[in-house]
There are 2 protein chains.
Amino acid sequence: MGVTKTHIFSSAQNEMAQIAKVLAHPARIAILEYISKQEGCICTDLVDEIGLAQPTISQHLNEIKKIGLLKGSFEGKNLCYCIDEERWQELQNSFNAFFTNINQNCC
Amino acid sequence: MGVTKTHIFSSAQNEMAQIAKVLAHPARIAILEYISKQEGCICTDLVDEIGLAQPTISQHLNEIKKIGLLKGSFEGKNLCYCIDEERWQELQNSFNAFFTNINQNCC
DNA sequence: ATTTAATATTGCAATATTACGATAATAATA
DNA sequence: TATTATTATCGTAATATTGCAATATTAAAT
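All figures in this text were calculated on a predicted structure; none of them were measured in a lab.

Trainee: Quick one: what's the story with the confidence of the model for chain A, residue by residue and with numbers?
Mentor: Considering every residue of chain A, the mean pLDDT works out to 89; 90% of them sit at 70 or more. Ranking the elements of chain A by mean pLDDT puts strand S1 (residues 70-75) of chain A last with 73 and helix H1 (residues 11-22) of chain A first with 97.

Pasting the structure below:
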């Protein structure tokens, strides 16, 4: 118990849920919003901006990375994270398709 | 620890995360898809269709209900659940706004 | 009134998530 | 090469989520 039974669902359903899970924390929403507003992005800024400890921010960044949403490039000792545009578009399309495919025909 | 620090985020960020959390489980994705395909919907159908125990389905339905996505009306001893169109549209708009407001300008 | 069928609630075990202190790794700078 | 600054990883505590058996609730049907 306590484990999601992923094997009984389609891969599309599992993927949709996994993407949603990444968006299911306000810190990750805030991180995405903040990165998009900056020209570049340095992780320390995020720690100051958001108010969670550095390891916690690092963990959240990792969750976002896992679904391919972050491109990171080192600029000297600093790390510049930014959003992968192509992947972002993909996710937007997935959500849009999901929302529009649900059609309500009862009650 | 282990509690999300909601107080350090904006209500918009918290709401976004909360909605995403409901979509962050394949069973709930499957439930929404199934309901939308049916004329009506009875919980037992869902139990048969999805393959989780009846109390588990009931719990998932409750999560979906919490964000106002389900309208339910009893038809005799059966319960007909359906998706609240207005609320659904609202959520679609929120997601769309979120995705389009993120603009990538680095790297 | 009993029985039956459908859904909800309770209680609990297993696992996942969130958060952070301590520490490691990495690379620029003195 | 030591120091410093930035980010990652490890270990751990607290809380949340998932899932189900047992049971309660509700209302139709007998």
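The structure having been displayed, the exposition proceeds.
Trainee: For the pattern of salt bridges, give the residues involved together with the corresponding values.
Mentor: Residues and elements named next belong to chain B. Counted according to the given criterion, the structure contains four salt bridges over all chains. Between Arg-87 and Glu-90 there is a salt bridge, with its nearest N and O atoms 2.7 Å apart. In this pair, Arg-87 and Glu-90 are both assigned in helix H5 (residues 85-101), three residues apart and thus about one turn of the helix distant. Overall, the relative accessible area of 41% leaves Glu-90 in the partly exposed class.

Trainee: An account of the relation of the copies chain B and chain A is needed here, citing residue identities and associated values.
Mentor: Taken together, a rotation about one axis and a shift along it account for how the two chain copies relate. Of the transformation placing chain B onto chain A, the axial shift is 0.0 Å and the rotation is 180°, giving an RMSD of 0.1 Å. Given the turn and translation reported, the copies of this chain are related as if by a two-fold rotation axis. When C-alpha positions in chain B are compared against the rotation axis, the closest is assigned to Ala20(B), at 2.6 Å. In this assembly, 98% of the residues forming the interface of chain B have copies in chain A that are likewise at the interface, indicating an isologous arrangement.

Trainee: Explain the interface of chain B and chain A to me, and be specific about the residues and the numbers.
Mentor: Each side of the interface is counted separately: chain B has 48 residues, and chain A has 47 residues. Here chain B is connected to chain A by zero salt bridges. Taken together, the links from chain B to chain A amount to eight residue pairs in polar contact (both at pLDDT 80 or more). Take the side of chain B that touches chain A: its biggest share by element is 10 residues, from H5(B).

The rules behind each value
Residues numbered from 1 in each chain as written. Chains lettered and ligands numbered in written order. Predicted model: local features only at pLDDT ≥ 70, side-chain atom pairs only at ≥ 80, totals over all residues. Heavy atoms only, no water. pLDDT = per-residue confidence, 0-100. Helix = DSSP H or I, 4+ residues; strand = E, 2+ residues; numbered from the N terminus. Salt bridge = Lys/Arg side-chain N within 4 Å of Asp/Glu carboxyl O. Buried < 20%, exposed > 50% of the residue type's maximum accessible area, 1.4 Å probe, protein only. Least-squares fit on C-alpha atoms with pLDDT ≥ 70 in both. Contact = heavy atoms within 4.5 Å. Polar contact = N/O pair within 3.5 Å; in protein donor to acceptor, adjacent residues only side chain to side chain.

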